[in-house]
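The primary structure of each chain is shown beneath.
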Amino acid sequence: MDMDQRIIGLTERKITMINWRAALNVYFIAGTQDVPMGQTLTDMLEEALDAGITAFQYREKGPRSLSQPDDIERVARACQKLCLRYDIPFIVNDDIALAMKIQADAIHIGQSDTPLAETVEQVKNSLAIGLSTNTLSEFEEAMTQKDLAYIGIGPVFNTVSKIDAQATVGIELLKDCQALSSAIPQVAIGGITSTNVQIVRETGIDGIAVISEIAQSIDKQTTVKKLKVK
Ligand code: TZP
Ligand code: MG
């Protein structure tokens, strides 16, 4: 099996066709709360897609986020449609029911969300799964899970985008994780910018996940170009 393709379930584009290592290159995450005044999430996402992001996670969370399920589903579907048009994976954060209902490409869970075993059971092989880790032991445990499409590691640096973020883990943890194993694709997250991306890339990690650096950029073409590895 081609490990980069993480063949987990169905034969659709969704899971079998996604090369997660490539998709993690520049992984943009956003929800309504991350959109600058005067813009909409879909406008912002379209600019980011035009600029060359390689995956998108819909994460509706925290102050200023939408709370009505109907609104969330409508926005999620609009974002999914855009991602389909640009042929990049559309991932839903945390909300398994929504991800299943709209048949997203993947669900992303954190350590304090629905446990992995339960998530695997609920998605019934129809969604890929990504998991966040914040320590070496969480990463080691994640590496033993055959059901994971990719693993997130962070927050690498201070972040303004997640109020309940864990303590920063720094570049050292990224290096330690890489040294341990790279069998499952890995993405770094938390406070990554055009200025510090180089040292993150030097660890050899597959990709970077960002919110604010892209959401707040007034020149997304230039920002994504700086973040991206060709
Ligand atoms: N998980 C760990 S840090 C973080 C999430 C969702 C937020 C990343 O946002 P930013 O603005 O790129 O620091
Ligand atoms: Mg979560």
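Once a new chain begins, its residue numbering starts again from 1 and follows that chain's sequence as written. Starting at A for chains and at 1 for ligands, labels are handed out in the order in which the entities are written. Local features in this predicted model are restricted to residues whose pLDDT is 70 or higher, and side-chain atom pairs enter the listing and the counts only when it is 80 or higher, whereas totals over whole chains, interfaces and linings include all residues. Excluded from the side-chain calculations are hydrogens and water; all other atoms, namely the structure's heavy atoms, are used.

1. Some points on the overall build of the protein chain
Part 1 of the reasoning: A tally of regular secondary structure across the protein chain gives 11 helices and eight strands.
Part 2 of the reasoning: Atoms counted for the radius of gyration: C-alpha only. Globule rule: 2.2 Å times residue count to the power 0.38. In terms of C-alpha radius of gyration, the protein chain reaches 16 Å, essentially the compact-globule figure of 17 Å for 230 residues.
Part 3 of the reasoning: Oriented by its inertia axes, the alpha-carbon framework of the protein chain measures out at about 45 × 40 × 30 Å.
Part 4 of the reasoning: Relative accessibility under 20% of the residue-type maximum defines a buried residue, over 50% an exposed one, and the middle range a partly exposed one, all with a 1.4 Å probe and only protein chains included. Counting across all 230 residues of the protein chain, residues that qualify as buried make up 51%.
Part 5 of the reasoning: Contact criterion: two residues are considered in contact whenever any of their non-hydrogen atoms come within 4.5 Å of each other. Pairs at least 24 apart in sequence give 59% of the contacts found in the protein chain among residues at least 6 apart.
Part 6 of the reasoning: On the protein chain, roughly 10,700 Å² of surface is accessible, and the fraction owed to carbon and sulfur atoms is 52%.
Part 7 of the reasoning: When charges are counted, neither His nor the chain ends are considered; positive counts come from Lys and Arg and negative counts from Asp and Glu. Every charge is mapped onto a representative atom, which is NZ of Lys, CZ of Arg, CG of Asp or CD of Glu. For the protein chain, the separation between the mean place of its 22 positive charges and that of its 30 negative charges on side chains is 5 Å. In DSSP terms, a helix is any run of H or I states spanning at least four residues, a strand is any run of E spanning at least two, and both are numbered starting from the N terminus. Note that accessible areas follow from Shrake-Rupley with a 1.4 Å probe, and for residues the cover is restricted to the protein chains shown.

2. Some remarks on the nonpolar core
Part 1 of the reasoning: One finds Phe-28, Ile-53, Phe-56 and Phe-90 to be the most contacted residues of the largest nonpolar core, which totals 58 residues.
Part 2 of the reasoning: Excluding residues within four positions of it along the chain, Phe-56 makes contact with Tyr-27, Phe-28, Ile-29, Ala-30, Leu-45, Cys-79, Cys-83, Ile-88, Pro-89, Phe-90 and Ile-91.
Part 3 of the reasoning: For this analysis, a nonpolar core means a set of buried residues of the types Ala, Val, Leu, Ile, Met, Phe, Trp, Tyr and Cys, connected via side-chain atoms within 4.5 Å. Judged by nonpolar contacts, the second largest core, of 15 residues, contains Ile-18, Trp-20, Tyr-27 and Ile-211.

3. Looking at the packing of aromatic side chains
Part 1 of the reasoning: Two rings from Phe, Tyr or Trp (for Trp, the six-membered ring) form a pair when their centres are within 6.5 Å of each other. A pair whose planes differ by under 30 degrees is stacked, one over 60 is edge-to-face, and the rest are tilted. In this structure the tally under the stated criterion is four aromatic pairs.
Part 2 of the reasoning: Here Tyr-27 and Tyr-150 contribute two aromatic rings whose centre-to-centre distance is 5.8 Å and whose plane-to-plane angle is 75 degrees, an arrangement assigned as edge-to-face. Note that Tyr-27 is positioned in strand β1 (residues 26–30) and Tyr-150 in strand β6 (residues 150–153), a separation of 123 residues in sequence. You'll find Tyr-27 and Tyr-150 in the same group, each marked buried.
Part 3 of the reasoning: By the ring-pair criterion, three or more aromatic residues cluster together here, those being Trp-20, Tyr-27 and Tyr-150.

4. Some points on the UniProt feature "domain: Thiamine phosphate synthase/TenI" (unreviewed entry) in the protein chain
Part 1 of the reasoning: UniProt positions are given in the numbering used here, feature names are shortened, and annotations may be inferred rather than shown by experiment. Those places that UniProt annotates as "domain: Thiamine phosphate synthase/TenI" (unreviewed entry) correspond, in this numbering, to residues 26–214.
Part 2 of the reasoning: End-to-end, the C-alpha atoms of residues 26–214 are 10 Å apart, and along that stretch the chain is 37% helix and 19% strand.

5. Focus: the sheet that holds strand β8 (residues 207–210)
Part 1 of the reasoning: Here, a strand pair is defined by DSSP locating no fewer than two bridges between the strands. One closed barrel accounts for eight strands, arranged β1-β2-β3-β4-β5-β6-β7-β8; its pairing is parallel. Ignoring strand direction, the axes of neighbouring strands in this sheet form an average angle of 25 degrees.
Part 2 of the reasoning: Bridging between strand β2 (residues 55–58) and strand β3 (residues 90–93) involves three bridges; their strand directions are parallel. Note on β3: the bridge partner recorded for Gln-57 is Ile-91. Orientation is described by axes fitted as lines to C-alpha atoms, over the contacting stretch for helices, and by angles from 0 to 180 degrees between their N-to-C directions.

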